[in-house]
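# What the coordinates show
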Amino acid sequence: MSKVLIIGAGGVSRVVVHKCAQRKDIFSEITLASRTRSKCDAIAAEITALCVKTAQIDADNVPELVALIRQEQPKLVINVALPYQDLTIMDACLETGVDYLDTANYEPIDTAHFEYSWQWAYQERFQAKGIMALLGSGFDPGMTNVYTALAAKESLDEIHELDIIDANAGSHGQPFATNFNPEINIREVTAACRHWENGAWVETAPLSTKRSFDFPAGIGPMNIYRLYHEEMESIVKHIPTIKKAQFWMTFSDNYLKHLEVLQNVGMTRIDEVEYNGQKIVPIQFLKALLPDPGSLGPLTKGKTCIGVIARGLKGGVRKQVYIYNICDHEACYAETNSQAISYTTGVPAVVGGIMMLTGKWHAPGVWNMEQFDPQPFLDEVGPMGLPYVVVEGEWPEL
Ligand code: NDP
């Protein structure tokens, strides 16, 4: 039984708090801290299984974080604030000797560029302190890394090509809205695309490569677009047989039309502009205008399908395997007051925490999900709400 400190009180946090509270056998006490305490209080008020303590914190401020961690004495800090806070929270964990988990890799606020180098640089300090950081324990990254590790362990002797495919086949009925933090989402989608091919990153224009993919579970064919996504960086490092890795995501024509106009008029800019004698960052202003992703929960219907197709050799013979999860927006909302994007991120964060706290995945240092045995994680994550399907077959090359 362990106390957990959860930082951030947005869409993903709501699911993390609900799910931790369902596992009182592991998470005996929960403290929820974020920039806006009223948001913590609103989430805490939804939980009846145990009393969730709340606090205000500026997670950009290391001394404040250290003081809160010393006061609360958690066994684990779950960071579901924004990627900008990853390093300050890791610094505070180092100073206090507490384990750390997040769902997205560090990104500096003034550059739309994310990579693991900043967090991997903590490796020796975390080892020396005898504490652990588990990076990217969401769905993608997260479950997709675990699915790839499963393909490498069970299905294939060598993975040669990997396609990670993320479909949101749900609809919220809004003209334009993002289903997680709009600033992070738009920065990710408008960044230059990179995929891995023959030992190097190949850069192409954002959203310039489009395919159609026939999704299972009655979803059917949807357009998918190639993007850069962070899990490819760690997966090709840790599974070096992979010659080609690509990440694909569905976008509706309507989303793309709005995004193009917003980009063309400068509303997605991340630098400061002068307006009426004030400095504003257009993408932050846009975030204030767009629907809060948390408010989409009761409106969103349909399914998500996120998974990986791994292709390679088994016993010298070419083989393909598709491992995926199907999640239903309305079922997620009925259980946790959140749509499936927050749910599919929050559940793996909690299961990552369970792995660490039970010692099934525990070692000093900084780790990505594919570096551990996938089975104990998969044994937990199904009953916790994200069952997976493994199918062998033939899929068109993407
Ligand atoms: P939200 O914007 O809904 O929530 C972020 C929360 O962090 C808000 O409560 C916000 O406070 C708080 N916060 C921001 N800055 C600070 C700060 N300086 N100090 C304290 N709290 C702060 O985001 P989501 O819940 O959608 O996403 C959470 C994380 O999950 C992000 O890192 C995102 O990238 C990641 N993610 C990962 C996915 C995956 O599959 N791996 C998929 C989707 C998201 P306030 O309320 O005051 O704004």
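Position labels on residues start from 1 in each chain and follow its written sequence. The predicted origin of the model limits local features to residues at a pLDDT of at least 70 and limits the giving and counting of side-chain atom pairs to 80 or more, whereas totals for whole chains, interfaces and linings rest on all residues.

## Some points on the overall build of the protein chain
The helix and strand inventory of the protein chain stands at 14 helices and 18 strands. Taking the principal axes of its C-alpha atoms as reference, the protein chain extends roughly 55 × 55 × 40 Å. Partly exposed residues are those falling between the two cut-offs: more than 12 but fewer than 20 other C-beta atoms within 10 Å of their own, whereas 20 or more means buried and 12 or fewer means exposed, with C-beta atoms placed from the backbone. Counting across all 398 residues of the protein chain, residues that qualify as buried make up 49%. We call two residues in contact if the C-beta atoms placed from their backbones are at most 7 Å apart. For the protein chain, contacts bridging at least 24 residues in sequence account for 71% of all contacts bridging at least 6. Labels follow the DSSP assignment, with helices taken as runs of H or I lasting at least four residues and strands as runs of E lasting at least two, numbered in each case from the N terminus.

## Some words on the sheet that holds strand S5 (residues 99-102)
Judged by pairing direction, the sheet is parallel, and its seven strands sit side by side in the order S3-S2-S1-S4-S5-S6-S17 without closing on themselves. Lying at the two open borders of the sheet, with one neighbouring strand each, are strand S3 (52-56) and strand S17 (365-368). Strand-to-strand twist across the sheet, computed as the mean angle between neighbouring axes with direction ignored, equals 20 degrees. The sheet contact formed by strand S1 (residues 2-7) and strand S2 (residues 27-34) spans six bridges and is parallel. In the sheet register, Ile 6 faces S2, and the bridge partner there is Leu 32. Most of the contacts of helix H1 (residues 11-22) go to S2, to which it runs at about 165 degrees, and overall it touches S1, S2, S3 and strand S4 (76-79). The rule for pairing is simple: two strands pair if DSSP sees at least two bridges between them. For helices, the axis comes from a line fit to the C-alpha atoms of the stretch in contact; other axes are also lines fit to C-alpha atoms, and the angle between any two N-to-C directions lies between 0 and 180 degrees.

## Focus: the site of the ligand
Taken together, 33 residues lie near the ligand, and Gly 8, Gly 10, Ala 59, Gly 138 and Phe 180 sit nearest. Mapped onto the shell around the ligand, the elements with two or more residues apiece are H1 and helix H13 (340-357). Per element, the largest residue contribution to the shell around the ligand is three residues, and it comes from H1. For each residue, a C-beta atom is placed from the backbone, and the residue is labelled near a molecule or strand when this atom is within 6 Å of it.

## Quick word on the packing of helix H7 (residues 143-155) against helix H9 (residues 231-238)
One way to put it is that H7 packs onto H9 with a least axis distance of 10 Å and a crossing angle of 25 degrees. Looking at the two axes, H7 sits roughly parallel to H9. The interaxial crossing formed by H7 with H9 has right-handed handedness. When H7 is examined against H9, the residues Thr 144, Asn 145 and Thr 148 are found in contact with a partner set consisting of Glu 231, Ser 234 and Ile 235. Three classes are used: nonpolar for Ala, Val, Leu, Ile, Met, Phe, Trp, Tyr, Cys and Pro, charged for Asp, Glu, Lys and Arg, and polar for all others, with Gly counted as polar. A class-by-class count of the residues in the contact of H7 with H9 yields one nonpolar, four polar and one charged. Roughly parallel means an angle under 35 degrees; roughly antiparallel, over 145; roughly perpendicular, 65 to 115; everything else is oblique. Should the near helix be turned anticlockwise from the far one by less than a right angle, the crossing is left-handed, and should it be turned clockwise, the crossing is right-handed.

## Focus on the nonpolar core
Each nonpolar core reported here comprises buried Ala, Val, Leu, Ile, Met, Phe, Trp, Tyr and Cys residues connected via C-beta atoms within 7 Å. Ile 6, Ile 7, Val 16, Leu 32, Val 77, Ala 133 and Ala 151 are the most contacted members of the largest nonpolar core, which totals 111 residues. For this core, the leading source of residues is H13, giving 11 residues. Those residues within four positions of Ala 151 in sequence are excluded, and the remaining contacts are Leu 156, Ile 159, Val 308, Ala 310, Val 321 and Ile 323.

## Some thoughts on the pairing of strand S10 (residues 210-215)
As judged from the six bridges shared by S10 and strand S11 (residues 220-227), these two strands associate in the antiparallel manner. Bridged to Asp 214 within S11 is Pro 221. Once S10 ends, the chain turns through four residues before running back antiparallel as S11, passing Ala 217 with a positive phi of about 60 degrees.

## Concerning helix H14 (residues 374-381)
If you check which residues of H14 are buried, you get Pro 374, Phe 377, Leu 378, Glu 380 and Val 381. The buried side chains of H14 occupy one side of the element, clustering within an arc of 160 degrees when seen end-on. Buried-residue contacts for H14 involve H7 and H13. Within this analysis, the arc is defined by the directions that extend from the helix axis to the C-beta atoms.

## Describing the packing of helix H3 (residues 62-72) against helix H4 (residues 86-96)
Running from N to C, H3 and H4 cross one another at 50 degrees; their axes reach a closest spacing of 9 Å. Comparing their axes, H4 and H3 come out oblique. Helix-helix and strand crossings are classified by hand; for H3 and H4 the assignment is right-handed. Taking contact as the criterion, the partners of Val 62, Leu 65, Val 66, Ile 69 and Arg 70 in H3 are, on H4, Thr 88, Ile 89, Asp 91, Ala 92, Glu 95 and Thr 96. Residues belonging to the contact of H3 with H4 are distributed by class as follows: six nonpolar, two polar and three charged.

## Side note on the environment of Ile 131
For Ile 131, the position within the fold is in the loop between helix H6 (123-129) and strand S6 (132-135). Taking the C-alpha atoms as reference points, Ile 131 and Ala 363, 232 residues apart in sequence, are found 7.4 Å from one another. When sequence neighbours within four positions are dropped, the list of residues in contact with Ile 131 reads Cys 93, Gly 97, Val 98, Asp 99, Phe 126 and Pro 364.

## Overview of the environment of Ile 6
Examined against the element boundaries, Ile 6 turns out to sit in strand S1. Among the residues examined, Ile 6 registers 31 C-beta atoms within 10 Å and is labelled buried. Between the C-alpha atom of Ile 6 and that of Ala 55, which follows or precedes it by 49 residues, the distance is 10 Å. When residues no more than four places from it in sequence are discounted, the contact partners of Ile 6 are Ser 13, Val 16, Val 17, Ile 30, Leu 32, Ile 78 and Val 80.

## Focus: the environment of Ala 363
Tracing the chain through its elements places Ala 363 in the loop between H13 and S17. For Ala 363, a count of 13 C-beta atoms within 10 Å corresponds to the partly exposed category. For the pair Ala 363 and Gln 246, spaced 117 residues apart in the sequence, the C-alpha separation amounts to 30 Å.

## Topic: the pairing of S5
Residue alternation in S5 divides its side chains into two sets, Asp 99 and Leu 101 and Tyr 100 and Asp 102, and both sets are buried. Two strands pair when backbone bridges link them, and S4 and S5 are joined in this way by four bridges, in the parallel orientation. Bridging from a neighbouring strand, Asn 79 pairs with Asp 102 of S5. A clockwise path from the first strand over the helix to the second, with the strands pointing away from the viewer, defines a right-handed crossover. You can see the chain leave S4, run along H4 and come back into S5, and the turn it takes is right-handed. When S5 meets S6, the two strands line up parallel, connected through two bridges.

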